[in-house]
Every structure is written in C-alpha cells, then in structure tokens.
Amino acid sequence: MRILIGTVEICGWIKTLKDELEKQGHSVTTISEPYHYAPNYKYDISHQNFVKDYISYRIGVNSFFNSITIKSYSFLEKIANKFFPKKLNNYVLNKANNYFFKNTDVFIYFWNGLTTNENDILQFKKNGVKIITWFVGDDVRYYPAMQEEFEIKNKFYEGYFQKNFNDLLRKLRIHEKYSDIIFSVPDQASLALRPYYHLQIPVKIERFQFKQSNNTVPIVVHIPSSQQIKGTAIIRTVINELKNEGLNFIYRELINIPNSQVLNELSNADILVDELFLHGPGVLSFEAMCSGCAVATRYLENSPIVFRPPVVSITEENIKEKLRLLITNNELRNDVIQKGKLYVEDNNKVESIVKNMLSKLSVDTKADYYPNYFRENFEPQNDLIEYVNSMTEFVKDETWYKKNILPGVRNELKF
C-alpha cells in the first residue's frame, strides 16, 4: 500500500512506523519538521521547505535534474513574489496536496494534516483514502474536562493550557466523522463521543539495553518533559520527606537531556517516578521498562484488558506510600522490573502494533473504549452550548453514533 504519515513528529513515532511499514512491504512517505529530540531522523518533506521538498520528492532526491529544477524554481519564485506574493508557492502547494489526495491508500494522522483546518481529511475521504488517526495528547485534550472527569484536585494545567475549546472540539468531531480508525487514551478523550482503540506505544526493543542494576542504594530518577504537567513540584516534596525519614536512596532529577542520555540514565537506575496527572505509562515509562527500571506513574486501574502494564500506580495522594514501598522492598522492585520487560516484549513491539493497526482497516473489531463522560456529565459554558450542539449534529448520522449514543436532551445539550 501507499502510506502517507504526518504531519508532526511525536516521540519519534512517525519514523518508527515508517521503518516498520517499509519492512512489511509498503511504500511510505513522511511529512514532518525535524524532531527536536532526534535531529538525525529524516523525513521526505518538511513544512518549512514543503514546495522544494515536494519537487525533490517527485523528481527524486538523487536525480540529475533535481538541483537544476530547484534552482529554476527558486529563480521563478523570486520573480513571481515581486508581482504575485506567495501565489506560485500556493499553486504548487495545492498541486502537492491534490497529488497526495489521489495517490495515497492510507493516511496516518499525527497532530495536523496537510492543511491547518482539517479540510484535508474530507478530501482524503472523497478520494477513497483510509484514514488512521493517532490522537497523541494536547491535540484534542481539554484539560478542564479531564480534571473534572478524573476528579483531580490540582489545577496542574493552569498557565500551560492555551488551546481554544471550539478548535479542539471541531478537530475531534471531524476525525470522529471521517476517520476509519481512531487510537487514543482516556485522559485526552473527555470530549469524545465515538468509541476508540487504545493507543499502544510502539517500541523498537533493539534500541534499549536492559540492565537490572540491583544497586545497593537504589537510584530513583525523574525526567520530566514538563515539570508542571508531570507534577515535579509534588514529587520533589515527597522525595525530601522520604529522605528526612531516613530512607537510603539516590534521587536524580534530569531536565532537557538528549534521548541517548535518558536511556543511559534509565539503564543505571532502579526506579523511574514519572507522572502524577496524565495517564501513564507513557513513552518514558516504556523506555524505563525496556531499560531495567521499576516504574511508578499514574495509571487507570480500570483500563481495558488490552492495557494492563505492570507499573506501580501513583497519585498525588498515595505517591509517598507507594515510593516508600518501592525503595524499601527489593523483592517487589525486581518483580516489577522483570514483568515490565516481558510486558513490553509481548505488547509493544512495533512489528505487532503495525500489523494490528492495519488489520483493523479490514476487520471490524470491538473498540477498547466507549466514552460516556461527554454524553452524561460534561457541562459547557452557556455561550458554548449552541456550538457544542452543532458539532454533535455534525456526527449524529454516523453509524457508530446511532449505535452507541443515547438520544435525548441534557441541560440544553442535544444528543
């Protein structure tokens, strides 16, 4: 199949999926800017140089004509921009988008599409392209609803969350209407109506060095991508309290380090304490499991059978008790480490995730999650009710909606 993946790299997943899909015999094109944490990753087309990258892609990067064509285009662009600013670029951009609409069998969506307003999703659909949506976090997560749904006391997102509710809801509903498959997780699905599959994190096992360190003095690491969202301030307080109790352990907090150093630190540590609010285990936790760490992270213990990782589930209320147990109980710690390694090997190998993902395009299987918070509990501000209802109306004729959403009116919300 001809598969297009893009357009924002998240956790290296675009590159990871491309490599595996090509191994499995598919033709894969990727669109993304360079990935901050792995600048050596290469993509076929970048947003910043979309037109020139597209020309090189169509001609062939190593073609004799490539440099000549690019130079000629650059010359024409300078002339055109004097009289018709950006029109030449926009013309080629539209041609490029139309090419992908007509020459793609499967589009795997990450964060944004070919256009910034999601209109490309409808165009792919009109051309018979299968759409697989990976929702990956703040692309659709509405923090106030998430806090309410999961009864989190701490407004941990204040000052961090800046996205517009209408934009989030519109993006979500467009994908609920047109995507063939949606992968997501509960903490980013508080606005969801459509059932979805669990987003299994793809792991290249061979990247990791599993080492069960068994340090005499346990090493605890915390490596936050965002100190605010991960709950770092609370973790620091608990660590200091445990130290003051006389527990003997080493705490290492590492911020803004390259992934190569992250993996080295994890291989030498005994415990990763990851996050307190968003639902893990996430990417870092899986890297820790592959490297020989016991993982303490927030985890929904009523998760479906497809997601039962061997982690120590922590919240802001129980973190002190759980960490004390992990630090002092060597037998428990080693058991969690061994089970973590086996779990990733059984559930997160990129080979099996890719095969499972593509199989869902041809076999209609039962979803992993049937969200009901939005239908039963969500309360929008009064000035948003009309818009919320219009977005519900947008999807209410879909088969999945008629099958799963109870019709009726709740506090002016129409279903």
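The preceding data block contains the structure.
In what follows, the accompanying structure is described. Owing to the predicted nature of the structure, the values given are computational and were not obtained by experimental measurement.

## What to know about the overall build of the chain
Point 1. On a plain count of helices and strands, the chain comes out with 17 helices and 13 strands.
Point 2. Over its C-alpha trace the chain gives a radius of gyration of 23 Å, about what one expects of a compact globule, namely 22 Å for 415 residues.
Point 3. A total accessible area of about 19,900 Å² is found for the chain, and carbon and sulfur atoms account for 49% of it.
Point 4. Here the chain contributes 51 positive and 49 negative side-chain charges, whose respective centroids are spaced 6 Å apart.

## Some remarks on helix α12 (residues 319–328)
Point 1. Residues Ile-319, Leu-323, Leu-326 and Ile-327 constitute the buried set of α12. Looking straight down α12, one finds its buried side chains confined to an arc of 95 degrees; they lie on one side. Along α12, the residues that are exposed and aim more than 90 degrees away from the buried face are Glu-321 and Thr-328.
Point 2. On its buried face, α12 is in contact with β7 (219–222), α9 (232–244), β9 (271–273), β10 (294–297), β11 (312–313) and α13 (330–347).

## Some remarks on the environment of Glu-206
Point 1. By the element assignment, Glu-206 lies in the loop between β6 (197–198) and β7.
Point 2. Separated by 71 residues in sequence, Glu-206 and Phe-277 place their C-alpha atoms 30 Å apart.

## Some remarks on the pairing of strand β4 (residues 130–134)
Point 1. In terms of residue burial, β4 counts as a mostly covered element, since four of its five residues are buried.
Point 2. Sheet analysis places strand β3 (residues 106–110) next to β4, joined by four bridges and oriented parallel. Across the sheet, the residue bridging to Phe-107 is Ile-131, located in β4.
Point 3. Chirality of the crossover, the property in question, places the unit of β3, helix α5 (residues 119–126) and β4 among those that are right-handed.

## What about the packing of aromatic side chains?
How two aromatic rings sit relative to each other is given by the distance of their centres and the angle of their planes.
Point 1. Overall, the coordinates contain 28 aromatic pairs when judged by the stated rule.
Point 2. Measuring from centroid to centroid gives 6.2 Å for Phe-374 and Phe-415, while their planes differ by 85 degrees, and the two rings are edge-to-face. Placement of Phe-374 in helix α15 (residues 373–376) and of Phe-415 in the segment after β13 (413–414) is noted, with a sequence separation of 41 residues between them. The same class applies to Phe-374 as to Phe-415, namely buried.
Point 3. Ring-pair connections join several aromatic residues into one group, and the members of that group are Tyr-142, Tyr-143, Phe-156, Tyr-157, Tyr-160, Phe-161, Phe-165, Phe-277, Phe-374, Phe-378 and Phe-415.
Point 4. The cationic tip of Lys-243 hangs over the ring face of Phe-249; the distance from NZ or CZ to the ring centre is 4.5 Å.

## A closer look at the side chain of Thr-392
Point 1. Turning to its location among the elements, Thr-392 is positioned in helix α16 (residues 385–395).
Point 2. With a relative accessible area of 1%, Thr-392 lands in the buried category.
Point 3. Those residues in contact with Thr-392 that sit more than four places away from it in its chain are Leu-193, Phe-374, Tyr-401, Lys-414 and Phe-415.

## A word on the sheet that holds β9
Point 1. If you trace the five strands from one edge of the open sheet to the other, you get β8-β7-β9-β10-β11, paired in parallel fashion. Strands with a single pairing partner mark the edges of an open sheet, and in this sheet they are β8 (250–253) and β11.
Point 2. As defined by bridge partners, β10 adjoins β11 across two bridges and the pair is classed as parallel. Residue pairing in the sheet places Ala-296 in a bridge with Val-312 of β11.
Point 3. Contacting β7, β8 and β9, α9 runs over the sheet at an angle of about 165 degrees to β8.
Point 4. Along the sheet face, α12 touches β7, β9, β10 and β11 and points at about 170 degrees away from the line of β9.

## Here's the deal with the pattern of salt bridges
Point 1. Here the structure, examined in full by the defined rule, presents 24 salt bridges.
Point 2. With a shortest N-O distance of 2.7 Å, Lys-204 and Asp-19 are connected by a salt bridge. Linking Lys-204 in the loop between β6 and β7 with Asp-19 in helix α1 (residues 13–23), this pair joins segments that are 185 residues apart in sequence.
Point 3. Of the residues examined, Asp-19 reaches a relative accessible area of 19% and is grouped as buried.
Point 4. Two residues, Lys-153 and Glu-317, come together in a salt bridge whose shortest N-O distance is 3.9 Å. Here Lys-153 is found in the loop between α6 (143–149) and α7 (165–178), whereas its partner Glu-317 is found in the loop between β11 and α12, with 164 residues between them in sequence. The pair Lys-153 / Glu-317 is uniform in exposure class, with both members exposed.

What counts as what
Residues numbered from 1 in each chain as written. Predicted model: local features only at pLDDT ≥ 70, side-chain atom pairs only at ≥ 80, totals over all residues. Heavy atoms only, no water. Helix = DSSP H or I, 4+ residues; strand = E, 2+ residues; numbered from the N terminus. Rg over C-alpha atoms; globule rule 2.2 N^0.38 Å. Areas by Shrake-Rupley, 256 points an atom, 1.4 Å probe, with all protein chains shown as cover. Lys, Arg positive; Asp, Glu negative; His and termini not counted. Charge placed at Lys NZ, Arg CZ, Asp CG, Glu CD. Buried < 20%, exposed > 50% of the residue type's maximum accessible area, 1.4 Å probe, protein only. Arc of directions from axis to C-beta. Contact = heavy atoms within 4.5 Å. Pairing = 2+ DSSP bridges. Right-handed = clockwise from strand over helix to strand, strands pointing away. Phe/Tyr/Trp six-rings, centres within 6.5 Å; stacked < 30°, edge-to-face > 60°. Lys NZ or Arg CZ within 6 Å of the ring centre and 35° of its normal. Axes fitted to C-alpha atoms, helices over the stretch in contact; angles between N-to-C directions. Salt bridge = Lys/Arg side-chain N within 4 Å of Asp/Glu carboxyl O.

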